[in-house]
Each structure stands twice: as structure tokens, then as C-alpha cells.
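Listed here are the chains, written in short residue letters.
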Amino acid sequence: MTRIILDERTPKRLTISAAREHSAALIQKLFANTPKPIRPITEHLAAAQGKGVRTAVLLAAALDESEQVPRETILAATAIELFHMATLVHDDVIDDAASRRGIASIHAKFSKKEAIICGDYLFCVATSTVSTIYEPYKDFVMKFATAIERVCLGELRQYANNYNMNMNLQEYLRIIHGKTAALFFISAYAGALIGGADERQAKKIGRIGTFLGMIFQILDDCKDYMLDESQALKPTKTDIAQGVINLPMLMALAKEPALRIANPTDLLTVDRLVNDVYRLNGVNDAIVIVEKYAKKIHNTIATLGNAPKQAALQALLDSQIKVAESFKL
């Protein structure tokens, strides 16, 4: 079984930047040394690594007063990034997306079968990597498994609600709580736990991760209305064309129920829906929800009592608030 193991020379405690570099290097090493049948695919995937937002959340949650994190965070961050990559590979197949992060998607360059197998392989490596830090972090391992389950159920709930113009806000939030926020929760929770927090504190920091994930997904929804493909580094409006009900559209539907008769199966209808969402301030209304989550995060951060951790988590929140402000119409 493929398993990522830390070099014994890795320091026991590192800065956030050093931990990020170690995690990125481990992933690159894995991609360059996978079994020959899958190596061309993983080498292509190596060129499409993202910004590591979940890694940033995990490491911020693990910070101690000396602004360092334990080396075990490297393995946890690597496992979470690999799992996230696997979900993206599968998502691109489901959405028939031609590109991801500025390059051809795996299924577009190779084949759908190879993409599915690659995604499955990454799931396996992520799971085996988590197993290397089983002791003394059993709670993290169990919650990692739960997070995987919630992501899958979130995706299934989204699919079940495609073209459901009568979906309500509660169901939408339930969907993104699974498909996106669950992985942010486990990132924050794992970082806190490995950083030395007790279970109660780890769960509190995990909630910060959950709220950050909710914000992240809502802003990702807004990108379909505010960015073109070159800016988003992925196809835009695809979700709308496939019947995915995102938050800006949901807010617009609440104001003008007559829009529910639309069936976004062609470009003309999609463009008309996008224009209607603009007209009805759907993006602005979605940002209001973002601001509510941001307030919850800010209030929770204030209770942590660890200045470096507070600053790092606040910086992550501020970066999302900046995006939200740029989307306001």
C-alpha cells in the first residue's frame, strides 16, 4: 500500500511556511513516484495544485504561542489535500469539466475511466497516510472517516436537488455543510488536536473551520456570476447549466418565484437566469449570509486565548471577507 512517511530529519516543530513546504514536497514526491500505470496522470495533476486553503486552516489551528506547529500536521495536511484533490477529479468527471486550475482536467486529457481510477487511488493514499498518525490521534482518524462520509452525502444531496427550483435555504445549507464545510471542519479540528488542544477546544476550533467552509462555498457559488473562466481557473456557469441551485439563485428565487419555471438546460436560459440573479441582487443577498458566518467566526476567535492562532485564523477570515467585498454589486 502506498503510504506517505515523514523524513526522520524533519524537525519536531516548524513554522507554518516550513510545514506547508514539506506538505507540498510530499505530494510532489508522491506524484512523481506513483506506480507506472498511473504516473502520467499524477504528473499532470502535479501541475494543478491549488492554494492549499484547507492546509492553511489546519496549520493555523495548530499554532502554538511560539508560532510553530508539530511535524505531524504535515501528514494530516497532506492527507486532507489528497482527499480534496480526489474529490475534484471525480467532480470534473461528473460535471464534464474540461479544465481545472488553468489546465486540462484529468478526464479531458486522459479518459473518464482513468480519472475515476486516479481519484480512487488518491482516496486510498489519503486514508493510508492518516493511518500513520493513528496514535495518539484516534479522534482525528475517526472524524476524518466521518468527514469523507459527509462529503459524499453532500454531493449526493446536491445531485438529488438538481433542477429543484423549490429547494429552501435550509436544504442548501445542509448540502454545503456536507460537500464543502465537512472538510474544513476536519482541517481545523485536526490542526487543533495535533497542536495540543483538548477535545472541547478542538471542537470549538473545528466550528471555525465549518463556518469558513460555508463561506468558501457560498463565495464559490458567487464566482459563477462574478468571474469568467480565466479568472476562476475553471469553467463557470457549468453548475447552473446542470441544474445546481446555488445561493445567489436561491435568494433571487425567493424574491421572484416566477423564475422557478426556468429550466437551465441551454446557454440562452442560463444567461437569462444569470441576468435575473443580477437584477434581483442575488449575489448581494448571498454575501449577507457570508457576513453572518464571518461574525460567528470572529466572535469564536476572540475566545481562543492564543494570539498567534487567533491572528492566523483571523487572516484567513479576512481574506474571504475581501473576496466577498469585491463581489458586492
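Check the entry above for the structure.
Residues numbered from 1 in each chain as written. Predicted model: local features only at pLDDT ≥ 70, side-chain atom pairs only at ≥ 80, totals over all residues. Heavy atoms only, no water.

*Asks:* Teacher, can you tell me more about helix α1 (residues 16-32) here?
*Replies:* The periodicity of an α-helix, 3.6 residues per turn, causes residues three or four places apart in sequence to face the same way. The first and last C-alpha atoms of α1 sit 24 Å apart over 17 residues, in line with the 24 Å expected at 1.5 Å per residue. What α1 keeps buried is the set A19, S23, L26, I27, L30 and F31. Down the axis of α1, the sector holding all buried residues measures 135 degrees, keeping them to one side. Opposite the packed face of α1, turned more than 90 degrees from it, sit the exposed residues E21 and K29. Elements that come into contact with the buried residues of α1 comprise β1 (13-14), α2 (39-45), α3 (53-62), β2 (69-70), α4 (72-95) and α6 (112-131). (Helix = DSSP H or I, 4+ residues; strand = E, 2+ residues; numbered from the N terminus. Expected span 1.5 Å × (residues − 1). Buried < 20%, exposed > 50% of the residue type's maximum accessible area, 1.4 Å probe, protein only. Arc of directions from axis to C-beta. Contact = heavy atoms within 4.5 Å.)

*Asks:* Please clarify how the pattern of salt bridges should be interpreted in this entry.
*Replies:* Oppositely charged side chains can form a pair if their charged atoms are brought close together. Applying the stated criterion to the full structure yields 11 salt bridges. R13 is the salt-bridge partner of D64, the closest N and O atoms lying 2.9 Å from each other. Note that D64 is positioned in the loop between α3 and β2 and R13 in strand β1, a separation of 51 residues in sequence. Residue classification places D64 among the buried positions, given a relative accessible area of 16%. Between K328 and E325 there is a salt bridge, and its shortest N-O distance comes to 3.6 Å. Taking relative accessible area as the criterion, E325 reaches 45% and is therefore assigned partly exposed. It is possible to trace a salt-bridge network through shared partners that takes in K143, E199 and K203. (Salt bridge = Lys/Arg side-chain N within 4 Å of Asp/Glu carboxyl O.)

*Asks:* Honestly, the packing of aromatic side chains in this entry has me stumped. Any pointers?
*Replies:* One pair of aromatic rings is described through two measures. These are the centre distance and the angle between the planes. One pass over the full model with this rule turns up five aromatic pairs. Relative to F144, the ring of F83 lies with its centre 6.0 Å away and its plane at 70 degrees, an arrangement referred to as edge-to-face. On the criterion of sequence distance, the pair formed by F83 in helix α4 and F144 in helix α7 (residues 138-160) is long-range, its members being 61 residues apart. Assigned by exposure class, F83 and F144 land together as buried. On the basis of an interplanar angle of 40 degrees and a centroid distance of 5.3 Å, the ring pair of F184 and F216 is categorised as tilted. On the criterion of sequence distance, the pair formed by F184 in helix α8 (residues 169-194) and F216 in helix α9 (residues 199-226) is long-range, its members being 32 residues apart. (Phe/Tyr/Trp six-rings, centres within 6.5 Å; stacked < 30°, edge-to-face > 60°.)

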